[in-house]
Amino acid sequence: MAARKKEDPAQRLRQELMAIAMGEKAYPEYGKNGEEMMQLPSLATRMKAMEMLAKLLDAPAAEPAPRVVLVDDIP
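Keep in mind it's a predicted model, so treat the numbers as computed, not measured. Residue numbers here run from 1 along each chain, matching the order of that chain's written sequence. Restriction of local features to residues with pLDDT of at least 70 applies here, the model being predicted, together with a cutoff of 80 or more for giving and counting side-chain atom pairs; totals for whole chains, interfaces and linings are based on all residues. The side-chain values count all of the structure's non-hydrogen atoms but skip hydrogen atoms and water molecules.

Novice: Help me get a handle on the pairing of strand 2 (residues 36–39), residues and values and all.
Specialist: Two strands qualify as a pair provided DSSP detects at least 2 bridges between them. Strands here mean DSSP runs of E at least two residues long; helices mean DSSP runs of H or I at least four residues long; both are numbered from the N terminus. Where strand 1 (residues 27–30) and strand 2 come together, 4 bridges link them in antiparallel fashion. By the bridge assignment for strand 2, Glu29 is matched with Met37.

Put into structure tokens, the structure is as follows:
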């Protein structure tokens, strides 16, 4: 059995959002009679994906919180 390379969830999310934003990700939609049709994302869905990508890219990386040291003897 081949070992799977662990994929970064944040990277996977960026890839999926990019595919939606670029209109490349198709999803099934069903008609009245149950027939399946593959649909591309609407303009509103693509814009929302772009907004989410911008927020994701603007978010700071997982940096450690700054360390705070309290001192008793202030002159």
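Novice: Residues and numbers for the packing of helix 1 (residues 9–21) against helix 2 (residues 43–58), please.
Specialist: The geometry of a pair of packed helices is captured by two quantities: the angle between their axes and the separation between those axes. Where helix 1 contacts helix 2, the two axes come as close as 8 Å, and the packing angle between them is 150°. It follows that helix 1 is roughly antiparallel to helix 2 by the angle criterion. Of the two elements, helix 1 crosses helix 2, and the hand of that crossing is left-handed. Across the interface between the two elements, Ala10, Leu13, Arg14, Leu17, Met18, Ile20 and Ala21 of helix 1 pack against Thr45, Arg46, Ala49, Met50, Met52, Leu53, Leu56 and Leu57 of helix 2. Each residue is assigned to one class: nonpolar for Ala, Val, Leu, Ile, Met, Phe, Trp, Tyr, Cys and Pro, charged for Asp, Glu, Lys and Arg, and polar for all the others, Gly among them. A per-class count over the contact of helix 1 with helix 2 returns 12 nonpolar, 1 polar and 2 charged. For helices, the fitted axis covers only the stretch in contact; all axes are lines through C-alpha atoms, and the angles between them, taken along N-to-C directions, range from 0 to 180 degrees. In this scheme, roughly parallel covers angles under 35 degrees and roughly antiparallel covers those over 145, while 65 to 115 is roughly perpendicular and the rest are oblique. Whether a crossing is left-handed or right-handed is set by the direction in which the near helix is turned from the far one by less than a right angle, anticlockwise for left-handed and clockwise for right-handed. Two residues qualify as a contact provided that any one of their heavy atoms is within 4.5 Å of a heavy atom in the partner residue.

Novice: Tell me about helix 1, and please be specific about residues and values.
Specialist: Given a helix with a known number of residues, its expected span is that number minus one, times 1.5 Å. In this model helix 1 runs 18 Å from its N-terminal to its C-terminal C-alpha over 13 residues, within 8% of the 18 Å that 1.5 Å per residue would give. Buried means the residue's accessible area, taken with a 1.4 Å probe over protein chains only, is under 20% of the maximum for its type, while exposed means over 50%, and partly exposed covers the values in between. Among the residues of helix 1, those classed as buried are Leu17, Ala19 and Ala21. Positive phi appears at Gly23, one or two residues downstream of helix 1, with a value of about 75°.

Novice: How would you sum up the pattern of salt bridges? Please name residues and give values.
Specialist: Salt bridge criterion: a side-chain nitrogen from Lys or Arg within 4 Å of a carboxyl oxygen from Asp or Glu. Going through the model one piece at a time under the given rule, you end up with 3 salt bridges. Measuring nitrogen to oxygen at the nearest pair gives 3.0 Å for the salt bridge that ties Lys25 to Glu16. The exposure class of Glu16 is partly exposed, given its relative accessible area of 22%. One salt bridge in this structure joins Lys48 and Glu51, with 3.9 Å as the shortest N-O distance. Taken as a pair, Lys48 and Glu51 lie in helix 2 at a separation of 3 residues, close to a single helical turn. When its relative accessible area of 43% is taken as the criterion, Glu51 is described as partly exposed. Through salt bridges with shared partners, a single ionic network connects Arg12, Glu16 and Lys25.

Everything listed here is a matter of geometry and, on its own, says nothing about what the molecule does.
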